[in-house]
Amino acid sequence: MSIPRLQNFINGQPMANKSGETIAVENPATGEEIYHIEVADEHIREAAIESAREAFKIWSATPAVERARVLHRAAALLRERNNELAGYEVQDCGKPLQEAEAVDVVTGADVVEFFASLAPTQVGQQQDLGGDFYYTRKEPLGICAGIGAWNYPLQIACWKSAPALAAGNVMIFKPSEETPRGAVELAKLYIEAGVPAGVFNVVIGAGEVGQWLTNHASIEKISFTGEVPTGKKVVESAASTLKDVTMELGGKSPLLVFEDADISQAVSAAMLGNFFTQGEVCTNCTRVFVHESIMEAFMDELVRRTQNNIVAGDPMNPDVNFGAMISKKHQELVMSYIEKGKQEGARLVTGGTTLSPDDAPDGYFIAPTIFADCTDDMTIVKEEIFGPVMSVLAFTDEDEVIRRANDTPLGLAAGVMTQDVKRAHRVIHQLQAGICWVNSWGASPAEMPVGGYKMSGIGRENGIETLNQYTQTKSVYMGMVDLESPF
Ligand code: NDP
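Remember, predicted model here, so these are calculated numbers, not experimental data.

(A) The arrangement of the overall build of the protein in detail. Within the protein one finds 15 helices and 25 strands. Over its C-alpha atoms the protein spans a radius of gyration of 24 Å, differing by no more than 12% from the 23 Å that the globule rule assigns to 487 residues. Residues counted as buried form 56% of the 487 residues belonging to the protein. The long-range share in the protein, meaning contacts at least 24 apart out of those at least 6 apart in sequence, stands at 74%. Surface summary for the protein: the accessible area is close to 20000 Å², and the carbon and sulfur share equals 51%. Distance between charge centres in the protein, computed from 39 positive and 65 negative side chains, equals 3 Å.

(B) Expanded view of the pairing of strand β12 (residues 244-248). β12 sits mainly inside the fold: four of its five residues count as buried. Two elements, strand β11 (residues 219-225) and β12, share five bridges in a ladder whose sense is parallel. Its bridge partner lying in β12, Ile222 is registered against Val245. Sheet topology note: the β12/strand β24 (residues 457-458) ladder contains two bridges and is antiparallel. For Glu248, the partnering residue across the bridge sits in β24 and is Gly457.

(C) Fine view of the sheet that holds strand β5 (residues 32-38). Spatial strand order, β1-β5-β4: three strands in an open sheet with mixed pairing. Unpaired on one side and paired on the other, β1 (5-6) and β4 (22-27) mark the two borders of the sheet. In terms of strand pairing, β1 meets β5 through two bridges, oriented parallel. Within β5, the residue paired with Arg5 across the bridge is His36. Against the sheet, helix α3 (residues 82-93) contacts β4 and β5, and its axis sits at roughly 100 degrees relative to β4.

(D) Examining the layout of surface pockets more closely. Looking at the second largest pocket, its volume works out to about 630 Å³. Around the second largest pocket, the lining comprises 29 residues; the ones closest to its centre are Gln155, Trp159, Val281, Gly442 and Ser444. Those elements giving two or more residues to the lining of the second largest pocket turn out to be α4 (97-118), α5 (153-166), α9 (263-275) and β22 (435-438). A breakdown of the residues in the lining of the second largest pocket according to their chemical character gives 17 nonpolar, nine polar and three charged.

(E) Spotlight on the site of the ligand. Around the ligand, the structure places 27 residues, and the nearest of them are Gly148, Glu177, Thr230, Leu249 and Glu384. One of the backbone N or O atoms of Gly148 is found 2.7 Å from an oxygen atom in the ligand. Considered on its own, the ligand offers 910 Å² of accessible surface; in the complex 88% of this is hidden by protein. Among the elements that take part in the shell around the ligand, helix α7 (residues 207-215) stands out by supplying three residues, more than any other. Looking at the shell around the ligand residue by residue, the class counts come to eleven nonpolar, eleven polar and five charged.

(F) Structural context of the pattern of salt bridges. With the rule as written, the count across this model stands at 25 salt bridges. The residue Arg137 makes a salt bridge to Glu139 at a minimum N-O spacing of 2.6 Å. Arg137 sits in the partly exposed class, given a relative accessible area of 44%. Judged by its relative accessible area of 17%, Glu139 falls in the buried class.

Parameters and conventions
Residues numbered from 1 in each chain as written. Predicted model: local features only at pLDDT ≥ 70, side-chain atom pairs only at ≥ 80, totals over all residues. Heavy atoms only, no water. Helix = DSSP H or I, 4+ residues; strand = E, 2+ residues; numbered from the N terminus. Rg over C-alpha atoms; globule rule 2.2 N^0.38 Å. Buried < 20%, exposed > 50% of the residue type's maximum accessible area, 1.4 Å probe, protein only. Contact = heavy atoms within 4.5 Å. Areas by Shrake-Rupley, 256 points an atom, 1.4 Å probe, with all protein chains shown as cover. Lys, Arg positive; Asp, Glu negative; His and termini not counted. Charge placed at Lys NZ, Arg CZ, Asp CG, Glu CD. Pairing = 2+ DSSP bridges. Axes fitted to C-alpha atoms, helices over the stretch in contact; angles between N-to-C directions. 1 Å grid on protein atoms, 1.4 Å probe; cavity = no way out; pocket = protein on both sides within 12 Å on 5 of 7 lines; lining within 4 Å. Points joined across faces, edges and corners; volume = space filled by probe spheres on them. Nonpolar A, V, L, I, M, F, W, Y, C, P; charged D, E, K, R; others polar. Near = heavy atom within 4 Å. Polar contact = N/O pair within 3.5 Å; in protein donor to acceptor, adjacent residues only side chain to side chain. Salt bridge = Lys/Arg side-chain N within 4 Å of Asp/Glu carboxyl O.

Take a look at the structure:
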């Protein structure tokens, strides 16, 4: 059987590469090759830049209300195609269909809709200077690049392209080589919605395609989602041409469960923040700090619900709520962290093994894993694992837990579970994280800016402020009286 090919999407259509180089993409739940991607070669890359340059002339001159109308159509198409697109995400990522149908496409569509609505609200200022005056224009940056991770491929492509396009920019997007289909589907859908050819091009391939984007002199901004070490390389490379950067990087986020918390709600937050998308979520609360006085009750419910309520298996089965790791390599990496946890003295309470479900025996599954009696110096407590591995730590006092929660170079997310409203605000204001939840975990509506403190990121996605990051202010001074010149 011949394996289908996925081509780069340039200037409104799929484009064949000339080098013939391809990379195989696997379905992580079956281990089968599902298609090959054609790697973006020199010919594709040049075409991507050239068509983006031409498209920018058209799109940046399109009235904002018209851009909004087109993007609203794209959001409507995303919703119409929800189940089909969710299915592609499941095949590429190994995540459960029930999640992809409820979250992945919808949260992408929400953000496209949100920025479509904001597009016509971008206004400049005018100020009188006593005869002369000046005014400002909010102008787009030009060609922006988006580089995405593999955990939410379509959603990430939407989150990056929506504000860029709403502000009148064009984007060249590079998805992860492991999950490229979502971005190509989005590119097709944008064309159908009326986005001009070349406004959203997709170049596919491995990290070196991303590196080419970060080096290219014609690209004005990079919006990157991925690991901290890759993020550092991107910033370094972007510095050579002084590009603007938005960095959405990794985390090791704390959830603080105080003695007055609703225990069932706290367990829900801990499970959502460790086992949703089988643990492959950047904001995961992988460090769960629980007050010692409620530790036993918390652990009892946590272990019972983890053992009884998680259904791993073929992610296309609508009853399955727990999918496969993205690749065999990643499965091995996560297992190596589990081994380190055991060696360093954490108490394995449940999980800790690979899984081979009856209906997906060759998938790269790992059982939801919980370690108790963890201490701050353990590797599993310090490093991002990006898998279903929860570390539970005991604490006794508010100041102590705040200090320990902040004792990390990362600062993506944080959460507090308490019934005491004063404590909730007091504690959350002291936590060094860009995305915080009180008595909740994981929701990321389009309206809410998200991004990291410390080494978890630079800049924000979503929310009104993000649109500003895709514009630059031009000041125009208007001379109304004759210049006085000493020359
Ligand atoms: P990586 O950093 O490995 O890759 C991210 C993207 O960068 C991929 O498209 C990758 O290509 C590309 N890339 C690799 N090398 C370079 C380079 N030198 N220059 C430019 N681009 C390059 O991250 P993962 O894909 O493994 O994603 C998981 C990580 O993403 C986790 O750390 C997670 O926390 C983080 N993340 C952060 C989010 C946030 O909003 N803060 C959201 C989601 C994930 P390829 O993979 O094809 O080689």
